[in-house]
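Fold and contact review
Listed here are the chains, written in short residue letters.
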Amino acid sequence: MTIKLHCFGESGNAYKAALALELSGLEWEPVFVDFFNGATRTPQYRAEINEMGEAPVLIDGDFRTSQSGAIQAYVTEKSGKFGGKDRDKNYEILRWVLWDNHKLSSTAGMTRFLCNFLPEEHRNPDVIAFNQGRLKVAYDILNSHLEGRDWIVGDGITNADLSCCGYLYYPEPFGFDRADWPNIDAWLTRLSEQPGWKHPYDLMPGNPSDRA
Ligand SMILES: N[C@@H](CCC(=O)N[C@@H](CS)C(=O)NCC(=O)O)C(=O)O
């Protein structure tokens, strides 16, 4: 049975799940979530898809979960890919996924939204600057960790990489410039050169140009 991923192209959180599915080789298909027309806020979405009112959501037969980290864990369980080979590695991967979800992707996603998708009259420069300050700390932590490393944990791609990259390939400006962070830049290039890698807008339906 084909796995379904409720997602949309602009969502870096959905990208983490979609990229894990794509690179795992599992059979999957996207189901478009019309986020920008309020789909995730409808009672129907909350009742039938996800009570948390978020994308991504994975449905595989009678199994369903949301949260990109949980979806990645499911992909690992099902495909045997992107997990650790031992307990220490598994916890190290989990540690980076949780860090990403809290400190990197949630702030990057919010900042990108504030800078690009919120109507201009609602964009608050102080809020944006505050978030960009927090992000700078996060980029620095990741960039330092990647010094002398090809991947975040161990010697191959894991869910730590697939999580932390979630918002870092998007073209919309939100204060992240790859040139400022050479180890992150090289790591993003390395990941994008893996067979099967796709850009978020090529992997999932939904693109800012749809609303232009
Ligand atoms: N921690 C969640 C975050 C998911 C999330 O915030 N998704 C956004 C789209 S990128 C969403 O659906 N937001 C709906 C809302 O806030 O109303 C994950 O990693 O999956």
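Here the residue numbers are simple positions, counted from 1 along each chain's written sequence. This being a predicted model, a pLDDT of at least 70 is required before a residue's local features are given, and a value of 80 or more before pairs of side-chain atoms are given or counted; all residues contribute to the totals for chains, interfaces and linings. For the side-chain quantities, the full set of heavy atoms in the structure was used; hydrogens and water were omitted.

**A word on the side chain of N50**
Helix and strand assignments follow DSSP, with helices taken as H or I runs no shorter than four residues and strands as E runs no shorter than two, numbered in order from the N terminus. Take N50: it is sitting in the loop between α2 (43-48) and β3 (57-60). Engagement of the side chain of N50 in a polar contact is seen with the backbone oxygen of E54, the distance being 2.9 Å. Contact criterion: two residues are considered in contact whenever any of their non-hydrogen atoms come within 4.5 Å of each other. Filtering out sequence-adjacent residues up to four positions away, N50 remains in contact with Y45, V57 and S66. Think of a polar contact as two N or O atoms within 3.5 Å of one another; within protein, one of them needs to be a possible hydrogen donor and the other a possible acceptor, and neighboring residues in sequence only count if both atoms come from side chains.

**Observations regarding unusual backbone geometry**
Note that the residue after A55, namely P56, is joined by a cis bond; omega there is 10°. In this fold, P56 is placed in the loop between α2 and β3. Of note, the phi angle at Q67 is positive, near 75°, even though the residue is not glycine. Position of Q67 among the secondary structure elements: in the loop between β4 (63-66) and α3 (68-79). In this structure Q67 comes out as partly exposed when scored by relative accessible area, which is 33%. Of note, the phi angle at F82 is positive, near 70°, even though the residue is not glycine. Within the element layout of this structure, F82 appears in the loop between α3 and α4 (87-117). We call a residue buried when its accessible area falls under 20% of the maximum for its residue type, exposed when it is over 50%, and partly exposed in between, using a 1.4 Å probe and counting protein chains only.

**Looking at the site of the ligand**
Neighbouring residues of the ligand: 14 residues in total, closest S11, E54, A55, Q67 and S68. Take R41: an N or O atom from its side chain is 3.4 Å from an oxygen atom of the ligand. At 2.7 Å from a nitrogen atom of the ligand is found a side-chain nitrogen or oxygen belonging to Q67. Throughout, the Shrake-Rupley method with a 1.4 Å probe supplies accessible areas, and for residues the shown protein chains are the sole cover considered. When the ligand is considered free in solution it has 510 Å² of accessible area, and contact with the protein chains removes 77% of it. Ten residues, namely Ala, Val, Leu, Ile, Met, Phe, Trp, Tyr, Cys and Pro, are considered nonpolar, four, namely Asp, Glu, Lys and Arg, are considered charged, and the remaining ones, Gly among them, are considered polar. Among the residues making up the shell around the ligand, the classes are represented as five nonpolar, seven polar and two charged. Neighbouring residues are identified by heavy atoms, a residue being near a molecule or strand if any of them is within 4 Å of it.

**Section: the side chain of D60**
Among the structural elements, D60 can be located in strand β3. If sequence neighbours within four positions are ignored, D60 has contacts with M1, I3, Y74 and K78.

**Describing α3**
Residues three or four positions apart in an α-helix share a direction because the helix packs 3.6 residues into each turn. Here α3 is 12 residues long and its end C-alpha atoms lie 16 Å apart, about the 16 Å a rise of 1.5 Å per residue gives. The set of residues buried in α3 consists of S68, I71, Q72, Y74, V75 and T76. The inward-facing, buried residues of α3 contact β1 (3-7), α1 (12-24), β3, β4, α4 and α6 (159-164). Helix span, as expected, comes to 1.5 Å for every residue beyond the first.

**Comments concerning the domain arrangement of the protein chain**
The domains assigned to the protein chain are domain 1 (3-82 + 198-211) and domain 2 (87-192). Boundary definitions for the domains trace back to an automatic or database domain assignment. Taking the mean C-alpha position of each, domain 1 and domain 2 sit 19 Å from one another. Both faces considered, domain 1 and domain 2 share a buried interface measuring about 1600 Å² in area, 58% of it formed by carbon and sulfur atoms. If you sort the residues of domain 1 by the area they bury against domain 2, K16, Q72 and F82 come out on top, with a joint share of 35%. Only one rule defines a salt bridge in this text: a Lys or Arg side-chain nitrogen within 4 Å of an Asp or Glu carboxyl oxygen. Joining domain 1 to domain 2, the criterion identifies one salt bridge. Put simply, D100 and K16 hold a salt bridge, and the shortest N to O gap is 2.9 Å. Put simply, buried area is how much 1.4 Å-probe accessible surface two parts lose in total, over both of them, once they are put together.

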